[in-house]
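Results of the structural survey
Each chain, written out:
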Amino acid sequence: PTWRTVDIANSKCTPGTRYGHTMVYSKPFLIIFGGNTGNRAENDVWLFNTQKSPFNWVKYDFENKPAPCPRVYHSAALC
């Protein structure tokens with residue numbers, strides 16, 4: 001394996017700077033949930049397709065479903 005730089009197609013649409021979030025990998029997606037932006041706890045979910053160019057982050061839309069409560073310093077496990 002080697003590291004490589006990935007250019008983000010729409011760099012204005014990203015999860016932004018945060019801490020205390022979780023990230024899991026479910027091929028082909030990196031999935032981020034929650035965390036803190038420095039101003040507040042978040043309950044958003046972001047997806048990043050690692051195999052489809054152009055690479056970009058997509059915010060998951062819960063539509064009419066209830067979103068999870070905001071949380072920081074939690075854990076996530078992929079089942």
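This paragraph deals with the overall build of the chain. Of regular secondary structure, the chain possesses zero helices and four strands. Scanning the chain from its N terminus toward the C terminus, one meets helices and strands in the order β-β-β-β. With the C-alpha coordinates aligned to their principal axes, the bounding extent of the chain is approximately 35 × 30 × 25 Å. The contacts of the chain with a sequence gap of at least 6 include a subset with a gap of at least 24, amounting to 47%. Total accessible area on the chain is roughly 6100 Å²; 54% of this is exposed by carbon and sulfur atoms.

Bringing the side chain of Arg 18 into the picture now. As for its placement among the helices and strands, Arg 18 is situated in the segment before β1 (22-26). In terms of polar contacts, Arg 18 uses its side chain to reach the backbone carbonyl oxygen of Pro 15, at 2.8 Å. Contacts of Arg 18, omitting those with residues within four sequence positions, involve Ile 32, Gly 34, Asn 36, Thr 37, Glu 42, Asp 44 and Trp 46.

A full pass over the atoms with the stated rule returns two salt bridges. For Arg 18, the salt bridge is made with Asp 44, and the minimal N-O distance between the two is 2.8 Å. Pair noted here: Arg 18 is in the segment before β1 and Asp 44 is in strand β3 (residues 41-49), with a separation of 26 residues, a long-range link. Residue class for Arg 18 comes out buried when judged on its relative accessible area of 13%. Taking the relative accessible area as the measure of exposure, Asp 44 reaches 8% and is therefore buried. One salt bridge connects Arg 40 with Glu 42, and the closest N-O pair in it is separated by 3.1 Å.

To continue, consider the pairing of β1. Pairing geometry for β1 and strand β2 (residues 29-36), over five bridges, is antiparallel. Bridged to Ser 26 within β2 is Phe 29. The antiparallel hairpin formed by β1 and β2 contains two residues in its connecting segment.

It is worth spelling out unusual backbone geometry at this point. Cis geometry is found at the peptide bond from Lys 27 to Pro 28, where omega equals 10°. Relative to the elements of secondary structure, Pro 28 occurs in the loop between β1 and β2. Residue Pro 54 is reached from Ser 53 by a cis peptide bond, and omega for that bond is 5°. Position of Pro 54 among the secondary structure elements: in the loop between β3 and β4 (57-59).

About the criteria used
Residues numbered from 1 in each chain as written. Predicted model: local features only at pLDDT ≥ 70, side-chain atom pairs only at ≥ 80, totals over all residues. Heavy atoms only, no water. Helix = DSSP H or I, 4+ residues; strand = E, 2+ residues; numbered from the N terminus. Contact = heavy atoms within 4.5 Å. Areas by Shrake-Rupley, 256 points an atom, 1.4 Å probe, with all protein chains shown as cover. Polar contact = N/O pair within 3.5 Å; in protein donor to acceptor, adjacent residues only side chain to side chain. Salt bridge = Lys/Arg side-chain N within 4 Å of Asp/Glu carboxyl O. Buried < 20%, exposed > 50% of the residue type's maximum accessible area, 1.4 Å probe, protein only. Pairing = 2+ DSSP bridges.

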